[in-house]
Amino acid sequence: MVSDTTSPSAAQGRRVALLTLGCARNEVDSEELAARLHADGWQVTTDGEGADVVVVNTCGFVEKAKQDSIQTLLAAADTGAKVVAAGCMAERYGRELADSLPEAQAVLSFDDYPDIAARLDAVVAGEALDAHTPRDRRELLPLTPVARRDAAVVLPGHGSPARPTPAAATGAPATAAATTDPVEADERTPAHLRQVLRRRLDTGPVASLKLASGCDRRCAFCAIPAFRGAFVSRTPDELLAEAEWLAKTGVRELVLVSENSTSYGKDLGDPRALEKLLPQLAAVDGVVRVRVSYLQPAETRPGLVEAIATTPGVAPYFDLSFQHSSEPVLRRMRRFGSTDRFLELLATARSLAPEAGARSNFIVGFPGETKADVTELVRFLTEARLDAIGVFDYSDEDGTEAAGLTGKVSAATVKRRYDKIAALADELCSQRAEERLGSRVDVLVDSVADGVVEGRAAHQAPEVDGSTTLVAPPGGGVDLAALRPGDLVRATVTGTEGVDLVAVPDEMISAAPGAAR
């Protein structure tokens, strides 16, 4: 049973605020924590006002993200609540973070997640919790991917069956937002009968669905595999069960997330598992769009490109992690590809779906990068016609191979190159948006506030790729005042503002269920 209400026992319990920083994967982890805490009688919120405990799900990816996490922890401490650090930064630094941040009453590891309620009970009781000593989580799992399913390792966001809620334990109607009935599941159990350990922290029409955790790649600049661990896929049945549950809570777009979505299924014995899963997810009742994120170019197979570009209900959207395009730089990064190979990949996608969206991130100033490398990157960006471009200036990260490389680029040169590429990216993305003038786009309405209707076209992912503002048609068409979050409409692009579009809705494709019209 699914409900957005709070059970009486939970309402009478202690109040915990979950503050989530970083990527969409962290958002999924927070919603697993929310389900566990609610099942143990905690009242869960995202507002720190009046909370007994504030849990900050930190990001530990790059220096700026770590500083944001520290500032959020310090601000939470100023409220007078007990403060707990969780998430990637907490996992990555453990005892070191605890020693340097006395404002936090506890620093938790991923291994604490199954017992999160007991940890917070101890914090409220004033007990001191010893912070963990960080370790390379890749070493916790077998080297062979197919042998990892049986390893007893905590994988945030994968979930394990929750205990019954206090309401269920007392015979009262179940009201937790996660299904917690004690059903024994095996490979023959239908998706709708499988347990889902998740409690939504917002009511929007878009939600992330975690395909997998960890990464087996060894990119020289990235520390994520060391604290997220080796790659482990979730099974298709688990994903379909969660997708069905999310749809019942009002989710209309599923965003598939992981550290590396193109690896999905390799540990399940099926490298084509994602291609097979996409149409199944798109067929879930209530879901109108499925979006895949975090694709590795070197692993993006032709069959997967075709599935993303041509499957009904799947956004023709390619979130490709290029990072650079100069072959020498990519080799030093321990990555593969080149300007021409990347352009060929994009051309293949657009041959199948001419209006396909594409985005990527790039690092400038990597050790050994030369002027010729930057020129090659400019060539790629100019020809690639990407809809969204993220630019990062290189910085050394603890525990990465790149931190020990020679040929470091001076800080002044890194900044100069960053400013140049970032400005070029803004210009090119604005030009790409202008190319869509006069085209028709399918827009999922995200919000309606004060008469302003905001949504996203298929080439616009949540938070990172811009948005589409819907404006009233000059005569007839869709009634703008009647639109609600979750509606999917077809619209004609009439204007642009940077990467953002302005469009007139022409027809309703799929109305959000349950909204009065």
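- The chain is annotated in an unreviewed UniProt entry as Ribosomal protein uS12 methylthiotransferase RimO from Micromonospora rosaria.

### Some points on the sheet that holds strand β6 (residues 206-210)
No. 1: Read from one edge to the other, the open sheet built from three strands follows the order β6-β9-β10, with strand pairing classed as parallel. Both edges of this open sheet fall to β6 and β10 (289-292), since each of them pairs with a single strand only. The average angle at which neighbouring strand axes cross in this sheet is 25 degrees, direction not considered.
No. 2: Each of β6 and β9 (253-257) is contacted by helix α2 (residues 24-39), which is oriented at about 90 degrees to β6, the strand it contacts most.
No. 3: Here helix α9 (residues 236-248) sits on the sheet and contacts β6 and β9; the angle it forms with β6, its principal contact strand, is near 165 degrees.

### So, the nonpolar core
No. 1: Counting 94 residues, the largest nonpolar core has Leu278, Phe380 and Leu381 as the members making the most contacts within it.
No. 2: When residues in this core are grouped by element, the largest group, seven residues, is from α9.
No. 3: Residue assignment places this core across two domains, with domain 1 (15-134) and domain 2 (191-435) each supplying three or more.
No. 4: Not counting residues within four places of it along the chain, the set of residues in contact with leucine 381 comprises Phe362, Leu386, Ile389, Ile421, Leu424 and Leu428.
No. 5: Listed in part, the 19 residues of the second largest apolar core include Ile70, Leu73, Met89 and Leu97.

### Here we look at the state of the cysteines
No. 1: Evaluated as defined, the whole model comprises zero disulfides.
No. 2: Residue cysteine 88 stays outside any disulfide, its sulfur separated by 6.2 Å from that of cysteine 59, the closest cysteine.
No. 3: Judged by its relative accessible area of 9%, cysteine 88 falls in the buried class.

### With respect to the UniProt feature "binding site: [4Fe-4S] cluster 2" (unreviewed entry) in the chain
No. 1: Taking the numbering used here, the UniProt-annotated feature "binding site: [4Fe-4S] cluster 2" (unreviewed entry) corresponds to Cys215, Cys219 and Cys222.
No. 2: By secondary structure assignment, the location of cysteine 215 is in the loop between β7 (212-213) and α8 (224-228).
No. 3: Since its relative accessible area comes to 9%, cysteine 215 is described here as buried.
No. 4: Setting aside residues no more than four positions away along its own chain, cysteine 215 makes contact with Pro225, Gly229, Ala230, Phe231, Glu259 and Asn260.
No. 5: Mapped onto the fold, cysteine 219 is located in the loop between β7 and α8.
No. 6: Its relative accessible area of 12% is what places cysteine 219 among the buried residues.
No. 7: Aside from chain neighbours lying at most four places away, what touches cysteine 219 is Met333, Arg334 and Arg335.

### Digging into the UniProt feature "binding site: [4Fe-4S] cluster 1" (unreviewed entry) in the chain
No. 1: As recorded in UniProt, the feature "binding site: [4Fe-4S] cluster 1" (unreviewed entry) lies at Cys23, Cys59 and Cys88. A maximum C-alpha distance of 10.4 Å is found for the annotated residues, which run over 66 residues; spatially they form one tight group.
No. 2: You can call cysteine 59 buried: its relative accessible area is 14%.
No. 3: In this structure cysteine 59 touches Leu21, Gly22, Asn26, Ala65, Lys66, Ser69, Cys88 and Met89, once residues within four positions along its chain are discounted.

Basis of the calculations
Throughout this description, residue numbers start from 1 for each chain and increase along the sequence as written. For a predicted model such as this one, the threshold for reporting local features is a pLDDT of at least 70, and the threshold for listing and counting side-chain atom pairs is 80 or more; totals across whole chains, interfaces and linings nevertheless cover every residue. Only heavy atoms go into the side-chain values, all of them from the structure, while hydrogens and water stay out. Only strands that DSSP links by at least two bridges are regarded as paired with each other. A run of H or I in DSSP counts as a helix once it spans at least four residues, and a run of E counts as a strand once it spans at least two, with each numbered from the N terminus. Orientation is described by axes fitted as lines to C-alpha atoms, over the contacting stretch for helices, and by angles from 0 to 180 degrees between their N-to-C directions. The contact criterion used is simple: two residues touch if any of their non-hydrogen atoms lie within 4.5 Å. As used here, the term nonpolar core means buried Ala, Val, Leu, Ile, Met, Phe, Trp, Tyr and Cys residues forming a set that is joined through side-chain atoms within 4.5 Å. Whether a residue is buried, partly exposed or exposed follows from its accessible area with a 1.4 Å probe, protein chains only, as a fraction of its type maximum: under 20%, in between, or over 50%, in that order. Each domain's extent is set by a domain assignment, obtained either automatically or from a database. The disulfide definition used here is simple: a pair of cysteine sulfur atoms within 2.5 Å. UniProt positions are given in the numbering used here, feature names are shortened, and annotations may be inferred rather than shown by experiment.

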